[in-house]
Amino acid sequence: MMTAQVVTCRPDQTLGEVARLMVERDVRAIPVVNDAGTLLGMVTHRELLRHLLPDYLQRAKSGEVKAPTRTQIQRGSADPREILVKEAMARTVLCVSEDQTLSDVASLMNNKDVDRFPVVREGVVVGFLTRADMIRRLVTL
């Protein structure tokens, strides 16, 4: 039932790159993995909005650009799209294993109010499962 072709990103990519990837692939969350495919974190719409929206609203409202923060100066850019994924990603990610039952996953979704999970095998991302995947499966039964 999981999607085996997972869109992932690297911790050294920028939020701007990941935002474009999410729009192009029409996904709401992207697991962050290292070279071995091990899950390090996740970037969702929530992280994008937390980092990109305040700057956009400030510019749209006043037309002025706020002074860069110390972190932005150290990075060499005040553009929030240049923030590295490793600085913005959610590090605590609920995962499921590929051998968990659908009832276990459905229970997790309801109890934790999470609608998407990376599917991992020994820490390596092997798939992605969303609430929509489960609903599509139930409808076809």
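Quick caveat: nothing in here was measured; it's all calculated off a predicted structure. (Residues numbered from 1 in each chain as written. Predicted model: local features only at pLDDT ≥ 70, side-chain atom pairs only at ≥ 80, totals over all residues. Heavy atoms only, no water.)

**Section: the overall build of the protein chain**
Part 1 of the reasoning: Within the protein chain, the regular secondary structure consists of six helices and five strands.
Part 2 of the reasoning: Each helix (α) and strand (β) of the protein chain, taken in turn from the N terminus, gives the series α-β-β-α-α-α-β-α-β-β-α.
Part 3 of the reasoning: When burial is assessed residue by residue, the protein chain has 35% of its 141 residues classed as buried.
Part 4 of the reasoning: In the protein chain, the share of contacts with a sequence separation of at least 24, taken over all contacts with a separation of at least 6, comes to 52%.
Part 5 of the reasoning: With an accessible surface of roughly 9,000 Å², the protein chain has 50% of that area assigned to carbon and sulfur atoms. (Helix = DSSP H or I, 4+ residues; strand = E, 2+ residues; numbered from the N terminus. Buried < 20%, exposed > 50% of the residue type's maximum accessible area, 1.4 Å probe, protein only. Contact = heavy atoms within 4.5 Å. Areas by Shrake-Rupley, 256 points an atom, 1.4 Å probe, with all protein chains shown as cover.)

**Thoughts on the sheet that holds strand 4 (residues 116-121)**
The pairing of strands in a sheet comes from backbone hydrogen bonds and takes either a parallel or an antiparallel form.
Part 1 of the reasoning: Strand order in the open sheet formed by three strands is 3-4-5, and the pairing between neighbours is mixed. If you trace the sheet from one side to the other, it starts and ends with strand 3 (96-97) and strand 5 (124-130), each paired once. (Pairing = 2+ DSSP bridges.)

**Section: unusual backbone geometry**
Part 1 of the reasoning: The backbone of Asp113 sits at a positive phi, close to 55 degrees, despite the residue not being glycine.
Part 2 of the reasoning: Relative to the elements of secondary structure, Asp113 occurs in the loop between helix 5 (102-112) and strand 4.
Part 3 of the reasoning: Located in the positive-phi region is Glu122, a residue other than glycine, with phi close to 50 degrees.
Part 4 of the reasoning: Note that Glu122 resides in the loop between strand 4 and strand 5.
Part 5 of the reasoning: Residue class for Glu122 comes out exposed when judged on its relative accessible area of 82%.

**A closer look at the nonpolar core**
Part 1 of the reasoning: Counting 16 residues, the largest nonpolar core has Val18, Ile30, Val43, Leu48 and Val85 as the members making the most contacts within it.
Part 2 of the reasoning: Secondary structure elements with two or more residues in this core: helix 1 (15-25), strand 1 (29-33), helix 2 (45-62) and helix 4 (85-88).
Part 3 of the reasoning: Within the second largest apolar cluster, nine residues are counted, among which are Val96, Met109, Leu129 and Met134. (Core = buried A, V, L, I, M, F, W, Y, C linked by side-chain atoms within 4.5 Å.)

**Let's talk about the environment of Asp113**
Part 1 of the reasoning: A relative accessible area of 67% means that Asp113 is categorised as exposed.
Part 2 of the reasoning: Ignoring sequence-local partners within four residues, the contact set of Asp113 consists of Leu108 and Arg131.

**Here's the deal with the confidence of the model for the protein chain**
Part 1 of the reasoning: Averaged over all residues, the pLDDT of the protein chain is 85; the fraction at 70 or higher stands at 82%.
Part 2 of the reasoning: By mean pLDDT, the top-scoring element of the protein chain is strand 1 (97), and the lowest-scoring one is helix 3 (residues 70-75) (56). (pLDDT = per-residue confidence, 0-100.)

**So, the pairing of strand 1**
Part 1 of the reasoning: Counting buried residues along strand 1, five of its five residues qualify, which places the element largely inside the surrounding structure.
Part 2 of the reasoning: Residues of strand 1 alternate between two faces, with Ala29, Pro31 and Val33 on one and Ile30 and Val32 on the opposite face, all of them buried.
Part 3 of the reasoning: Counting the residues in the hairpin turn of strand 1 and strand 2 (residues 39-44) gives five residues, including Gly37, whose phi is positive at 85 degrees.

**Considerations on the layout of surface pockets**
Think of a ball as big as a water molecule: rolled over the atoms, this probe shows where empty space is left.
Part 1 of the reasoning: What the largest pocket holds in volume is close to 380 Å³.
Part 2 of the reasoning: Together, 14 residues line the largest pocket, and Thr44, Arg46, Val114, Asp115 and Arg116 are the ones closest to its centre.
Part 3 of the reasoning: The set of elements that each furnish at least two residues to the lining of the largest pocket consists of strand 2 and helix 2.
Part 4 of the reasoning: Considering each element in turn, the lining of the largest pocket owes the most residues, three residues, to helix 2.
Part 5 of the reasoning: Split by residue class, the lining of the largest pocket holds five nonpolar, three polar and six charged.
Part 6 of the reasoning: Approximately 320 Å³ is the volume attributed to the second largest pocket.
Part 7 of the reasoning: Contributing to the lining of the second largest pocket are 15 residues, with Asp26, Val27, Arg28, Phe128 and Thr130 lying nearest its centre.
Part 8 of the reasoning: Elements that contribute at least two residues to the lining of the second largest pocket include exactly strand 5 and helix 6 (131-140).
Part 9 of the reasoning: The biggest single contributor to the lining of the second largest pocket is helix 6, with three residues.
Part 10 of the reasoning: Tallied by class, the residues present in the lining of the second largest pocket amount to six nonpolar, three polar and six charged. (1 Å grid on protein atoms, 1.4 Å probe; cavity = no way out; pocket = protein on both sides within 12 Å on 5 of 7 lines; lining within 4 Å. Points joined across faces, edges and corners; volume = space filled by probe spheres on them. Nonpolar A, V, L, I, M, F, W, Y, C, P; charged D, E, K, R; others polar.)

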